[in-house]
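The residues making up each chain are set out below.
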Amino acid sequence: MERNTEQLDFFFDAMVGDLRIKDDVQSMVLPLCSLSKRKRTSPISWKKGNHFVQVTAPLEYGICTIYDLDIIMYCISQLNEQFDRGTSNPEPTIRTTYHDLLTKIGRKASGRDYIDIKHALNRLTATYIETNIRAPSANHTVGFHWLEEFRTDENSKKILLKVPRWIYEGVIHERSILTIDKNYFNLSSGIARYLYRLCRKSAGRKSEGQMWYMQTVYENSGSTMNFPDFCKSARKVIDKLNEKDNFPEYQVFIKTQNGREAIQFLPRPETIGQTIT
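Once a new chain begins, its residue numbering starts again from 1 and follows that chain's sequence as written. For this predicted model, a pLDDT threshold of at least 70 governs which residues receive local features, and a threshold of 80 or more governs which side-chain atom pairs are given and counted, while totals over whole chains, interfaces and linings are taken from all residues. The basis for every side-chain value is the complete set of heavy atoms in the structure, and neither hydrogens nor water enter the calculation.

Further remarks concern the pattern of salt bridges. Any two side chains of opposite charge can pair if their charged atoms end up close together. The term salt bridge refers to a pairing of a side-chain nitrogen on Lys or Arg with a carboxyl oxygen on Asp or Glu at a separation within 4 Å. By the definition in use, this model includes 21 salt bridges. The shortest N-O distance in the salt bridge between Arg-193 and Asp-70 comes to 2.8 Å. Highlighted residues: Arg-193 in helix 7 (residues 190–202) and Asp-70 in helix 3 (residues 69–84), separated in sequence by 123 residues. A single burial state applies to Arg-193 and to Asp-70, both of which are buried. Asp-245 is paired through a salt bridge with Arg-268; the nearest N and O atoms lie 3.0 Å apart. Working definition: helices are DSSP H or I runs of at least four residues, strands are E runs of at least two. Numbering for both runs from the N terminus. In this scheme, a residue with accessible area under 20% of its type's maximum is buried, one over 50% is exposed, and one in between is partly exposed, where area comes from a 1.4 Å probe on protein chains only.

Our next topic: the packing of aromatic side chains. Each aromatic ring pair is summarised here by two numbers: the centre-to-centre distance and the angle between the ring planes. Pairs were defined over the aromatic rings of Phe, Tyr and Trp, the Trp ring being its six-membered one, requiring ring centres within 6.5 Å. Orientation was assigned from the angle between planes: stacked under 30 degrees, edge-to-face over 60, tilted for the rest. This structure, assessed with the given rule, holds nine aromatic pairs. Both rings, one in Phe-144 and one in Trp-166, keep their centres 4.9 Å apart while their planes meet at 15°; by these two values the pair is stacked. With Phe-144 in strand 6 (residues 142–145) and Trp-166 in helix 6 (residues 165–173), the pair connects residues that are 22 residues apart, well separated along the chain. According to the relative accessible area criterion, Phe-144 is buried, its value standing at 4%. Of the residues examined, Trp-166 reaches a relative accessible area of 4% and is grouped as buried. Measuring from ring centre to ring centre gives 5.3 Å for Tyr-218 and Phe-227, while their planes differ by 55°; the resulting arrangement is tilted. Assessed through its relative accessible area of 18%, Tyr-218 is described here as buried. Every member of this aromatic cluster is reached through a ring pair, and the members are Tyr-184, Phe-185, Tyr-196, Phe-247 and Tyr-250. One cation-aromatic arrangement involves Lys-157 over Tyr-114; the distance from NZ or CZ to the ring centre is 5.2 Å. Remark: a charge is flagged as sitting over a ring if the NZ atom of Lys or the CZ atom of Arg is within 6 Å of the ring centre and within 35 degrees of the ring normal.

Inspection of the secondary structure assignment puts Asp-68 in the loop between strand 3 (51–56) and helix 3. In contact with Asp-68, not counting residues within four places along its chain, are Ala-120, Arg-123 and Leu-124. It only takes one pair of heavy atoms within 4.5 Å for two residues to be counted as in contact.

With that out of the way, let us pick up the sheet that holds strand 10 (residues 210–213). Sheet strands associate in pairs through backbone hydrogen bonding, adopting either a parallel or an antiparallel arrangement. Here the rule is simple: two strands pair whenever DSSP picks up at least two bridges between them. Strands sit in the order 10-12-11 across an open sheet of three strands; the sheet is antiparallel. Two strands in the sheet have a free side with no partner beyond their single neighbour: strand 10 and strand 11 (250–257). Adjacent strand axes in the sheet meet at a mean angle of 25°, parallel and antiparallel pairs treated alike. With four bridges joining them, strand 10 and strand 12 (residues 260–267) adopt antiparallel strand pairing. Residue pairing across strands places Met-211 opposite Gln-264, the latter belonging to strand 12. Lying over the sheet, helix 7 contacts strand 10, strand 11 and strand 12, oriented at roughly 65° with respect to strand 12. Those strands touched by helix 8 (residues 214–221) are strand 10, strand 11 and strand 12, and its axis lies near 75° from that of strand 10. Axis geometry follows a simple rule: fit a line to the C-alpha atoms, using only the stretch in contact for helices, then measure angles between N-to-C directions, giving values from 0 to 180 degrees.

Now the structure itself:
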């Protein structure tokens with residue numbers, strides 16, 4: 001009994017109530033996950049200039065998905081809250097409950113959602129990333145898992161999540177984070193989620209927004225699709241977003257720039273110039 005009490009001491013420091021959702025700036029524009037819910041076992045390889053990313057995972061679990069990263073956003077948000085409340089060097093561990101985690105990332109606290117979270121935790125701890133981004137220099141390589149560790153108590157539905165140093169450095173020391181609209185969690189398409197993170201990082205609240213060539217969007221996505229199929233899927237997603245008018249904070253359009261297909265992101269008029277905390 002005493003041992004169980006010691007274990008349960010892990011589980012009482014997550015912020016309750018409203019939580020400002022934050023994301024890590026570097027991971028918003030890098031191909032560090034799969035955009036599809038289908039199991040992906042093929043590596044993700046990306047290189048631009050002197051920078052590179054290599055993502056792998058065991059065949060048993062596959063690479064984590066962009067939906068799994070909702071858990072990482074939750075951890076980032078909790079760490080940021082601790083920092084903003086005066087804890088200059090919070091522990092890299094989040095002690096919380098399944099229910100709080102699920103509700104904060106827009107999920108229902110149903111049996112199916114509990115099972116999905118367990119699978120996501122396995123993929124996050126199994127996915128291994130090597131990169132020289134956020135390393136001391138381009139000649140150095142950093143290796144980490146999206147989650148270094150997790151612990152759960154199935155009786156009390158309590159959970160401990162430990163983020164890697166790579167994420168911790170970005171959140172606490174670099175303060176390299178951005179606020180994410182909570183309606184992001186309502187986006188069902190992996191491509192739509194990727195486009196939101198891309199434009200949130202690059203377009204900000206500038207009235208002119210940001211334009212990306214489709215080729216660059218594709219290269220940064222890590223998608224397993226070939227370029228023509230990715231373009232076709234992206235066009236469909238954008239058409240659907242415009243039809244439903246449910247893309248958070250931004251309007252998104254397909255255009256031609258210098259004879260090349262491009263995506264234009266524009267802040268919605270009511271958001272231009274807003275300061276986000």
